[in-house]
Amino acid sequence: MTTITKSIAAAKAAALAAPLVLLAGATGAQELKIGLSAELSSLDPHYHNLTPNNMLARHIYEPLVGQDEKQALKPLLAESWKAIDDTTWEFKLRKNVKFHDGTPFTADDVIATMQRAPNVPKSPSSFSAYVRGKEFTKVDDFTVRVKTATPAPLVPTDLSTFGIIPAKCKDTTTEDFNLGKCTTGGTGAYKQAEYVAGDRVVLTPNESYWGGKEPWSKVTFRMITSAPTRVAALLAGDLDVIENVPTSDVARLKGDAKLSVASTVSNRVIYFHMDHFREVSPFIKGKDGSEIKNPLRNLKVRQALSMAINRPGIVDRIMEKEAIPAGQLLPDGFFGTSKKLKPVAFDLNGAKKLLAEAGYPNGFKMKLHGPINRYLNDTKIIEAVAQMFSRLGIETEVETLPAANFFTRASQGGQGNVPEFSFILVGWGAGTGESSDSLKALLATFDPAKGMGATNRGRYSNPTFDAKVDEALRTVDDAKRDAALAEAMDISMNDVGLIPTHYQLNTWASRKGVKVQARTDEYTLATGIRKD
């Protein structure tokens, strides 16, 4: 039975009053308790393309195509797929799969999902980029074809990013998904049992799961954004697994014989996005407080800001070496990255010279915005960068907000539902494991009809870059597509469409006897946690 508690404030108050009381009780032999570092914004699998949402949804609603721990594609609800010609893909669906209420899974559910996924109202970051431009056709109950206007080699990759819902839930609202009113459920290994917004999600196993029985009788995900509280709960035995181990605790936990630690490099880049689209940006003023033209539209200003950021300093002193300085949107070695791009070297004098050449020898005032406890050490990083900018001559204030509030305002909080802020810290994990995902979402010109720029909160727009991305997305040959994406990466980074700072290392800690599969996509999946 699904239990819903809507009072976020009450849940948080209870958690703050006695967090360990809520977690108390001996861990049952078959029960798994996981401490998450970030809150979900919804249990609607199509509402918000956000890592915590996608990770939780993956337990309940499976995609057609799966991804392994290194984001290589693998069969899931589709047993196989192939290109019939340059513009047509065919997917053979897995038979004898049922939704949680016993309803059979068929091609009708795929068609319904593709109609809903790009059209969820008020989505802060939609899945439209993965669906737009594709025509889905049912061939028979277990065959679906995808037609595109031009060659589209990434169709299987795109269809690995969101889950399939039952056709009868096509018109279910986001609120009703949160309330568990899609009673048909998904096809995943676990069923939604309880969702307390801002506090916890409880799952129970799908005893009829096509992929076999799970070892856990119950899985509880607790949202504990305070890193010290998460670690304390693990050490006290109130949790079995925690994600996003604080960088200051990694060495200590590795030395604890009662614990295990697993880590891998992340597909997530931490970066600053900036206002490219307004003549006057709302959180930028002259030194005297007067209104000035938006300086972020000047390339030399953007280059100066990037040059003023001490990336090795952030990695060494704030991330305690649990990160890698970034010069592009994915670490070296991922498909579609550039071999030419390196992290911009810290050069304060050079940055001052560029700022003066841009016409701002005395700087200006600017406010930085960012989320609280969404990314490792996010507040510390924003504060440090604000100090770096102040040394450059830009008087910089900082305002951090709870994640859900921040993302809503950062995406559409301005007048006319445009992005509200001038300069923000955010992070992006490439859901597909290759660079087109990041380039399309973060830097392509915002165009909902084409599904491009869905998370372009700076509204960066560069026709040369757009053309190169389009070329890459039409290129079937892997080597040529890799080269085209790398060239698009060069164009956007040299134009400072955004400012990358570092890639995180993903680190989990667990009690001895519980083994966690480390993943590049940061997902903490109960299906990847086993008794050692």
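A brief report on the enclosed structure follows. Bear in mind the structure is a predicted one, so any value in this text is a computation, not a measurement. (Residues numbered from 1 in each chain as written. Predicted model: local features only at pLDDT ≥ 70, side-chain atom pairs only at ≥ 80, totals over all residues. Heavy atoms only, no water.)

### Describing unusual backbone geometry
The backbone phi angle of Gln 71 is positive, close to 70 degrees, even though this residue is not glycine. Since its relative accessible area comes to 6%, Gln 71 is described here as buried. Phi at Arg 459 takes a positive value of approximately 55 degrees, unusual for a residue other than glycine. Following the sequence through the fold, Arg 459 ends up in the loop between α14 (435-443) and α15 (463-473). For Arg 459, a relative accessible area of 16% puts it in the buried group. (Buried < 20%, exposed > 50% of the residue type's maximum accessible area, 1.4 Å probe, protein only. Helix = DSSP H or I, 4+ residues; strand = E, 2+ residues; numbered from the N terminus.)

### Let's talk about the pairing of strand β7 (residues 134-140)
Pairing geometry for β7 and strand β8 (residues 143-148), over 6 bridges, is antiparallel. The residue of β8 that forms the bridge with Thr 137 is Arg 145. Hairpin connection, β7 to β8: the antiparallel pair is bridged by 2 residues. (Pairing = 2+ DSSP bridges.)

### Notes on helix α9 (residues 299-307)
For α9, every residue scored as buried is listed here: Val 301, Arg 302, Ala 304, Leu 305, Ser 306 and Met 307. Put simply, Asn 298 is the residue that caps the front of α9, since its side-chain oxygen is 2.8 Å from the backbone nitrogen of Lys 300. (Polar contact = N/O pair within 3.5 Å; in protein donor to acceptor, adjacent residues only side chain to side chain.)

### Some remarks on the sheet that holds strand β6 (residues 88-93)
Read from one edge to the other, the open sheet built from 4 strands follows the order β5-β6-β8-β7, with strand pairing classed as antiparallel. Edge positions in the sheet fall to β5 (78-85) and β7, since each of these pairs with one other strand and no more. Strand-to-strand twist in this sheet, taken as the mean axis angle between neighbours without regard to direction, amounts to 20 degrees. Strand direction decides the pairing type here: β5 and β6, joined by 6 bridges, are antiparallel. The residue of β6 that forms the bridge with Lys 82 is Glu 90. Docked against the sheet, helix α4 (residues 107-116) engages β6, β7 and β8, running at close to 165 degrees with respect to β7. (Axes fitted to C-alpha atoms, helices over the stretch in contact; angles between N-to-C directions. Contact = heavy atoms within 4.5 Å.)

### Remarks on empty space enclosed by the protein
The final tally for this structure, using the stated rule, is 5 cavities of 30 Å³ or more. Considered as a void within the structure, the largest cavity measures approximately 280 Å³ in volume. In terms of lining residues, the largest cavity is bounded by 29 residues, among which Asn 49, Leu 50, Thr 51, Asn 54 and Gly 429 are the most central. Taken together, the elements giving at least two residues each to the lining of the largest cavity come down to α3 (51-60), β13 (259-274) and β18 (423-429). Taken as a whole, the second largest cavity spans an internal volume of roughly 140 Å³. What lines the second largest cavity is a set of 15 residues, and nearest its centre among them are Ser 37, Thr 51, Glu 243, Asn 244 and Glu 522. Going through the elements one at a time, α3 and β19 (499-511) are the ones with two or more residues in the lining of the second largest cavity. For the lining of the second largest cavity, the per-class residue count stands at 6 nonpolar, 6 polar and 3 charged. (1 Å grid on protein atoms, 1.4 Å probe; cavity = no way out; pocket = protein on both sides within 12 Å on 5 of 7 lines; lining within 4 Å. Points joined across faces, edges and corners; volume = space filled by probe spheres on them. Nonpolar A, V, L, I, M, F, W, Y, C, P; charged D, E, K, R; others polar.)

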